[in-house]
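Residues per chain, in single letters:
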Amino acid sequence: MVKPANNPQNPAAKVAPFKGRRIVIREEYCMGCRVCEVHCITQHSKSRKIIKAYKSEKRGVSGIVFEERGPASLAVQCRHCSEPLCVEACITGAMKRDKETGRVIHDKDKCAGCWMCVMTCPYGVIKPDLAGKKVAFKCDLCVEQGFPACVEHCPNEAIILVDASGTRIRR
Amino acid sequence: MNVKYLIIGNSVAGVNCAEAIRESDGKGTIAMVSDERETNYSRPLIARYLGGRFKRDQLSFREPGFYEENGVKLLTGKKAVKLDTVGRSVRLDDGAMIEYEKLLIATGGTPIIPKISGLRPGIKGVFTFARLADVDAIVAHMERNKTKEAVVVGGGLIGLKATEGLLERGIKVRIVEMAERILPNTFDPAASDLIENRLKAAGCAIYKDNVVKKLVCSGDRVKSVVLKGGQRLPGGLLVLAIGVRPNLELVNGTKIKTDRGISVDRHMLTSVPNVYAAGDCAQGFDFLSLADSVIAIWPVAARQGKIAGHNMAGRAEIYPGLFAMNAVQILDAPTISFGTTNPPPDAGYTVLSRMDPETGVYRKIVLKDNLVAGVILINAIERAGIYGMLIREKVDVSSFKSEMLDDDFGLLALPRQVLKHVVKDEGIEM
C-alpha cells in the first residue's frame, strides 16, 4: 500500500512536507544580484522556461520584493505569518491560512483586487499585479513546484529554507 | 431554542466570532441570526456586483460548507426584535425565542436617510446602498425603467463605489456632496482633487457644497431632483449614500450602554454581562485617538468579532485597538489611507507630501511627535502595509523620515533594532 505522503495522486502528499517550513532571509549575505526575482518569475510562468518567461510570454510579477539602500540589499517575500493580517482583512476569502501547513495561500480567481491585503501586510510584500485581471500576488512557497525557486537559485545562500525546528533544508 | 452562543448578524464580525469560538470550544452550540436571505456574502463586493464584474455566486467570503463544518445553525431571513438580558433570550420576528448563554450583537450599520422634501415611503427610484438586496432593487428598477441617468447623494467611499458600479453599467452619474470636496473624511484636498478629476474624466458631474432639497416625481416615481441652489438634475434613480450609523435597534430599551455605538470594553463586552458587540454597531478602543469610536471598516469588524468570540468561549483576549484605514480603487486609481489624513493646522502635526502631476502619484505622511499618525497613497500603494506597521508599532521615524516619500522606501530604511523587533520570529535574519 502506498503511504499518503508518497502517493502522487494524493494532493496532501505535495503539501505535507511543507508543514512548518519557512524561508529565512539572511540580509548580510544578500549582494543584490536579483537572481531570486528572475527565478521566481520563471517558476510561476506558463512555460517555466527562463527565456520564454521573459521574452515571449507576458512577464509575470515576482513574489519577491527587492530593496537596496547603499551597500545593503534585501530580497524579501511573504513571511506566511502565524496570525496573518492579510487573511483577516480579505473581503473575498481569497487569502487563507492553511491550518495544516501554516502556509498563507492566495486564490487569484477569488481575488477582487481590493488591496486590503496590500494595506495590512506589515512587510509590504503583497503586490498588486496590474497586468490583466487586477489581483494580488505573493509568494506561495513554490508548493506546487516542489522547492522554492528563490532558495534553489540564490548564489550566496542569502535565502534559505528551514523546517519547523529551524533545521536547514536543501534541495 | 436554547444555545450556548447566539450571534446576531452574519457579516464579517459574526463569522469571525463563530470561527474564534470554535478554536476553543468545538462542541458548544452556536446559532447565527440574519435578517438577510443570503447564506453568506461580502458587503464590500456589492459594488462589483452592481457593475457586473462579480456574479452572484462570487460574492461569498467563506466556503459554501462553512456553517455546517463549524456546527453553526444559521437562521436567515429572520430579524431579532427583542432582547431580554435578564432572561438571556432573543425573540425573532417570527415569534421564535432563542435562549443563550453568551450573545454577540453584530448588527452592523444602518444607512442615514437625508431629509429631502417629497421623500416618503413608497416612492419608486430611491435606494440606499448597503446590502445585496439594495443592489437587486436598483438593478430591477433600472431594467424596468431603462434608466440612463442617476443621482448619487454622498461623495464618500460608499457613494463613489456606487458611482463606479453605475458607470460600469453605462449610467450617467451626478454626484451631490455636502462638503466642499468629495471624500472629505478619507482624504485631504489634494487627494480629493485627484479623484475628482478622474471621476469627471469618466463623465461624472459633481455638485459640491450642495444638497438635494426636493424630489420631483411623476406619480410615485422620481424623475428629477432639485438642489439647494434651485438647480434641477434629471435622473430616475437616486442613490442615498451619505453615511451609516450604528444599528442600535436591538439594544434600545435595554440596559446596554450606548453612545454613538454600543459601548464595549477591551474584551468586546458591553455594559451587561454575557452580551458582547463587534463591528459597525460597536464603539470600541481607537488606537490612534485613544478614545472609543465607531470605525466601520472590514478589518476592525473582523478583529472585534474574533476577540469577542475568544472571550465568549472563555479565552481572555484583549482588543489592541485598530484605527481607520481604507484601501479603495476608484476608476483604476489604487488608493490606500490610514489614520488622520487631513490634520487641523496648529495642532502639532508635521506633514510630508509629494505629488507627481505627470504620473498622478501622491504620497502624504502625517506625523505627530515623530510617530506616523496618518498616510495617503495614491497610484503607489505597493509598500503601503509598512506605513500601517509603523503606526501600529509606534515606531519613531526621526532617523528615516526624509526617505518615507521615496519610491524605494522599504524595510531597509528602518533602524536595525526596529526591524529586528518588527520581524521577530517571522524568518528574517538581520
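Residues numbered from 1 in each chain as written. Chains lettered and ligands numbered in written order. Predicted model: local features only at pLDDT ≥ 70, side-chain atom pairs only at ≥ 80, totals over all residues. Heavy atoms only, no water.

(A) Broad picture of the domain arrangement of chain B. Residues and elements named next belong to chain B. Taken domain by domain, chain B holds domain 1 (2–40 + 61–110 + 245–312), domain 2 (126–242) and domain 3 (332–424). With 11 residues of domain 2 at the interface, the matching set in domain 3 holds 13 residues. The largest share of the area that domain 2 buries against domain 3 comes from F187, D188 and L194, three residues that together contribute 48% of it. Applying the counting criterion to the domain 2 and domain 3 interface returns one salt bridge. The closest approach of N and O atoms between D188 and K364, which form a salt bridge, is 3.0 Å. For the pair domain 2 and domain 3, the number of links is three residue pairs in polar contact (both at pLDDT 80 or more). By residue number, the principal contributor to the side of domain 2 that touches domain 3 is helix α6 (residues 189–201), which donates six residues. Among the residues forming the side of domain 2 that touches domain 3, the class breakdown is six nonpolar, one polar and four charged. (Domains from an automatic or database assignment. Contact = heavy atoms within 4.5 Å. Buried area = accessible area lost by both parts, 1.4 Å probe. Salt bridge = Lys/Arg side-chain N within 4 Å of Asp/Glu carboxyl O. Polar contact = N/O pair within 3.5 Å; in protein donor to acceptor, adjacent residues only side chain to side chain. Helix = DSSP H or I, 4+ residues; strand = E, 2+ residues; numbered from the N terminus. Nonpolar A, V, L, I, M, F, W, Y, C, P; charged D, E, K, R; others polar.)

(B) Spotlight on the confidence of the model for chain A. In the predicted model, chain A carries a mean pLDDT of 88, and 89% of its residues have values of at least 70. In this model, residues 1–16 of chain A is a region of pLDDT below 50 whose contacts with residues beyond four sequence positions or in other chains number 11 contacts. (pLDDT = per-residue confidence, 0-100.)

(C) The arrangement of the side chain of T186 of chain B in detail. Within the fold, T186 of chain B resides in the loop between β11 (172–176) and α6. For T186 of chain B, the contacting residues outside a window of four places in its chain are L157, N326, S337 and T341 of chain B.

(D) Representation of the side chain of T341 of chain B within the structure. Residue and element names in this part refer to chain B. Secondary-structure assignment places T341 in the loop between β23 (333–339) and β24 (349–356). Since its relative accessible area comes to 4%, T341 is described here as buried. T341 has contacts with T186, F187, D188, K364, V366, V375 and I376, leaving out every residue within four places of it along the chain. (Buried < 20%, exposed > 50% of the residue type's maximum accessible area, 1.4 Å probe, protein only.)

(E) A look at the packing of helix α1 (residues 12–24) of chain B against helix α7 (residues 298–312) of chain B. Residues and elements named next belong to chain B. One way to put it is that α1 packs onto α7 with a least axis distance of 7 Å and a crossing angle of 35°. Crossing geometry of α1 relative to α7 is assigned as right-handed. Along its contact with α1, which presents V12, A13, N16, C17, A20, I21, E23 and S24, the element α7 presents W298, A301, A302, G305, K306, G309, H310 and M312. For the contact of α1 with α7, the per-class residue count stands at nine nonpolar, five polar and two charged. (Axes fitted to C-alpha atoms, helices over the stretch in contact; angles between N-to-C directions. Left-handed = near helix turned anticlockwise from the far one by under 90°.)

(F) Inspection of α1 of chain B at higher detail. All names here are of chain B. For α1, built from 13 residues, the straight-helix expectation of 18 Å at 1.5 Å per residue is met to within 8% by its first-to-last C-alpha distance of 19 Å. Every buried residue belonging to α1 is among V12, A13, G14, V15, N16, C17, A18, A20, I21 and R22, and all of these are buried. Along its buried surface, α1 packs onto β1 (5–8), β2 (30–33), α3 (66–69), β3 (72–75), β7 (102–105) and α7. (Expected span 1.5 Å × (residues − 1).)

(G) Seen up close, the environment of G243 of chain B. Residue and element names in this part refer to chain B. Checked against the element boundaries, G243 lands in the loop between β16 (238–240) and β17 (244–246). Here the alpha-carbon distance between G243 and T110, two residues 133 residues apart in the chain, equals 8.4 Å. If sequence neighbours within four positions are ignored, G243 has contacts with T110, P111 and I112.

(H) Main features of the sheet that holds strand β9 (residues 126–128) of chain B. All names here are of chain B. Strands sit in the order β9-β16-β10-β11-β12 across an open sheet of five strands; the sheet is parallel. Every interior strand has two partners, whereas the edge strands, β9 and β12 (205–207), have only one. Each neighbouring strand pair of the sheet contributes to a mean axis angle of 20°, computed without reference to strand direction. Judged from the three bridges that link them, strand β10 (residues 149–153) and β16 form a sheet pairing that is parallel. Paired with V153 across the two strands is L240, which belongs to β16. Packing against the sheet, helix α5 (residues 157–168) makes contact with β10, β11 and β16, and its axis sits at approximately 165° to β11. (Pairing = 2+ DSSP bridges.)

(I) Main features of the interface of chain B and chain A. At the interface, 45 residues of chain B touch 43 residues of chain A. Across the chain B to chain A interface the summed buried area is about 3,700 Å²; carbon plus sulfur atoms make up 54%. Across the contact surface, chain B and chain A share six salt bridges. A salt bridge links E88 of chain A to R303 of chain B; the nearest nitrogen and oxygen atoms lie 2.7 Å apart. Summed over the shared surface of chain B and chain A, the result is 17 residue pairs in polar contact (both at pLDDT 80 or more). Of all the secondary structure elements, the ones that give two or more residues to the side of chain B that touches chain A are α7, β22 (325–330), β23, α8 (384–392), α9 (416–423) and β27 (428–429) of chain B.

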